[in-house]
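In case you want the letters, here they are:
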Amino acid sequence: MLSAADRVRRAVPRLGRTRLVCVDGPAGSGKTTWAAALAGALGPGTAVLHMDDVYAGWTPVGAFGRLAAGVLRPLAAERPGAYHRYDWAAGRFEQAATPVPVPDVLVLEGCGSCPRAADRWAVLRVWVEAPPDVRLARGLARDGAALEPHWRRWQALEPALFAAEATRERADLLVDGARPVR
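Numbering of residues begins from 1 in every chain and follows the order in which that chain's sequence is written. Confidence filtering applies because this is a predicted model: local features only for residues at pLDDT of at least 70, side-chain atom pairs given and counted only at 80 or more, and all residues used for totals across whole chains, interfaces and linings. Where side-chain values are given, they derive from all heavy atoms of the structure, hydrogens and water being excluded.

On to the environment of Val134. Secondary structure elements follow DSSP: runs of H or I no shorter than four residues count as helices, runs of E no shorter than two count as strands, and numbering proceeds from the N terminus. The topology assignment puts Val134 in helix H4 (residues 132–143). Exposure is judged per residue with a 1.4 Å probe applied to protein chains only, and the accessible area is read against the type maximum: over 50% gives exposed, under 20% gives buried, and values in between give partly exposed. Note on Val134: relative accessible area 27%, which makes it partly exposed. When the C-alpha atoms of Val134 and Ser29 are compared, they prove to be 7.7 Å apart, with 105 residues separating the residues in sequence.

Okay, here's the thing in structure tokens:
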């Protein structure tokens, strides 16, 4: 983890004065855990933003576009950004915007966090993967067995998203999410 943190620290900011790290990969692969460990290694001045907060429910469609418009473009101009967080229980976006101050490092994690459109801003593109059965078990342990149909549908739709963006192939760092984070 320290080598990734050192790599980020040495990188020249490309999102205004912010260094953007995109942590992508299939659902349940360990992206959130890995991103939190990286943020901890980077320390103060690091913010983590979760794609789960900008999906419109169980679809990644439009999430990165909303994030780019509300957060990434303002940060590129060295201004704070904001986004409307999706309320999963209510099934809608919150009316109040969630502010995003200008951080030294922004770790963006979640499925679809690293499309080609992010390349101009990202200093590190990370792909986290784990076997499908491990990922499904993690998701159901976290979200509950009642959401299994949603998880299976999401797992069926992810490969096309990743193939269209060549996400894994464009990654700067590949992480085995089935192994413990150190």
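So much for the structure itself; the text now carries on.
Glancing now at the nonpolar core. In this text, buried Ala, Val, Leu, Ile, Met, Phe, Trp, Tyr and Cys residues form a nonpolar core when linked through side-chain atoms within 4.5 Å. Leu20, Leu49, Leu67, Val71 and Leu72 are the most contacted members of the largest nonpolar core, which totals 31 residues. Elements with a contribution of two residues or more to this core: strand S1 (19–24), helix H3 (63–76), strand S7 (105–109), strand S8 (122–129), H4 and helix H5 (148–165). The leading source of residues in this core is H3, at 7 residues. Dropping the residues within four chain positions of it, Leu67 is found in contact with Leu49, Met51, Val54, Leu72 and Leu108. By definition, residues are in contact when any of their heavy atoms lie within 4.5 Å.

The span expected for a helix works out to 1.5 Å for each residue beyond the first. Look at H4: 16 Å from first C-alpha to last across 12 residues, which is about the 16 Å you get at 1.5 Å a residue. Taken together, the buried positions of H4 are occupied by Arg135, Leu136, Gly139 and Leu140. An end-on view of H4 places all buried positions within 125 degrees of arc, on one side of the element. Of the exposed residues in H4, those oriented more than 90 degrees away from the buried face are Asp133, Ala141 and Arg142. Buried residues belonging to H4 abut H5. Directions drawn from the helix axis to the C-beta atoms are what define this arc.

A word on unusual backbone geometry. For Glu78, which is not a glycine, the phi torsion comes out positive at approximately 60 degrees. Structurally, Glu78 is set in the loop between H3 and strand S3 (81–83). Located in the positive-phi region is Ala166, a residue other than glycine, with phi close to 50 degrees. Within the secondary structure, Ala166 is located in the loop between H5 and helix H6 (167–170).

Another point: the pattern of salt bridges. Any Lys or Arg side-chain nitrogen located within 4 Å of an Asp or Glu carboxyl oxygen qualifies as a salt bridge. Within the structure shown, the criterion is met by 11 salt bridges. Here Arg85 makes a salt bridge to Asp53, at a shortest N to O gap of 3.6 Å. Taken together, the positions of Arg85 in the loop between S3 and strand S4 (86–87) and Asp53 in the loop between strand S2 (46–50) and H3 put the pair 32 residues apart, joining distant regions of the chain. For Arg85, a relative accessible area of 30% puts it in the partly exposed group.

Between 30 and 60 degrees the pair is tilted, below 30 it is stacked and above 60 it is edge-to-face, where a pair is any two Phe, Tyr or Trp rings, Trp via its six-membered ring, whose centres lie within 6.5 Å. Per the counting criterion, the structure on display carries 7 aromatic pairs. Here the aromatic rings of Trp58 and Trp154 are separated by 6.2 Å at their centres, their planes lie at 75 degrees, and the arrangement is edge-to-face. Taken together, the positions of Trp58 in the loop between S2 and H3 and Trp154 in helix H5 put the pair 96 residues apart, joining distant regions of the chain. On the basis of relative accessibility, which here comes to 4%, the residue Trp154 falls in the buried class. Judged by centre distance (5.2 Å) and plane angle (80 degrees), the ring pair of Tyr86 and Phe93 falls under edge-to-face. Judged by its relative accessible area of 11%, Tyr86 is buried. By relative accessible area, Phe93 is classed as partly exposed at 27%. Clustering of aromatic rings is evident, with ring pairs tying together Tyr55, Trp58, Tyr86, Trp88, Phe93, Trp151 and Trp154.

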